[in-house]
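# Inside the fold
The primary structure of each chain is shown beneath.
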Amino acid sequence: MAEKISKAKAEQVRKAIVRRYKGCFGTGIGQWREEPSLVKNSDGSWLVVWESGPYEWSLELASELEERVKGVFLEPYYSYALGVYPE
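The text that follows walks through the structure, step by step, so that each part is easy to find. (Residues numbered from 1 in each chain as written. Predicted model: local features only at pLDDT ≥ 70, side-chain atom pairs only at ≥ 80, totals over all residues. Heavy atoms only, no water.)

## Some words on the pattern of salt bridges
- For the structure on display, the rule yields five salt bridges.
- For glutamate 11, the salt bridge is made with arginine 14, and the minimal N-O distance between the two is 2.9 Å. In this pair, glutamate 11 and arginine 14 both sit in helix α1 (residues 7–20), three residues apart, roughly one turn of the helix.
- Given the relative accessible area of 13%, arginine 14 is considered buried.
- Here glutamate 60 and arginine 20 are joined by a salt bridge, their closest N and O atoms 3.0 Å apart. You can see glutamate 60 sitting in helix α2 (residues 57–68) and its partner arginine 20 sitting in helix α1, a full 40 residues away along the chain.
- A relative accessible area of 29% places arginine 20 in the partly exposed class.
- Salt bridges linked by common partners bring Arg20, Glu60, Glu64 and Arg68 together as one network. (Salt bridge = Lys/Arg side-chain N within 4 Å of Asp/Glu carboxyl O. Helix = DSSP H or I, 4+ residues; strand = E, 2+ residues; numbered from the N terminus. Buried < 20%, exposed > 50% of the residue type's maximum accessible area, 1.4 Å probe, protein only.)

In structure tokens:
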């Protein structure tokens, strides 16, 4: 059986994204109303999904966040979703 990433570890990635964009959430012009969310993929892996986030944010942040959250491999799943896998 393939190793799976824990929900707690995936949540660390989600929180790192929120910290990265701290101050950008709210109801003002140019601010995002919704934070990224965790979604369990059909294969048991986790995705951080943020459809209302910055354009192609997952492409920009994948390697940056791997340095901040140890023990994960991050891969853009779509331009608005980031796959979280074991390292």
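## Looking at the pairing of strand β2 (residues 46–49)
- The side-chain alternation of β2 yields two buried faces, one formed by Trp46 and Val48 and the other by Leu47 and Val49.
- Looking at chain direction, strand β1 (residues 37–40) and β2 are connected through four bridges and run antiparallel. By the bridge assignment for β2, leucine 38 is matched with valine 48.
- Once β1 ends, the chain turns through five residues before running back antiparallel as β2, passing glycine 44 with a positive phi of about 95°.
- Pairing geometry for β2 and strand β4 (residues 81–86), over four bridges, is antiparallel. Considered in β4, the bridge of valine 48 is made with leucine 82. (Pairing = 2+ DSSP bridges.)

## Focus: the environment of glutamate 56
- In this structure, glutamate 56 sits in the loop between β2 and α2.
- Given the relative accessible area of 32%, glutamate 56 is considered partly exposed.
- Between the C-alpha atoms of glutamate 56 and alanine 81, which are 25 residues apart in sequence, the distance is 8.8 Å.

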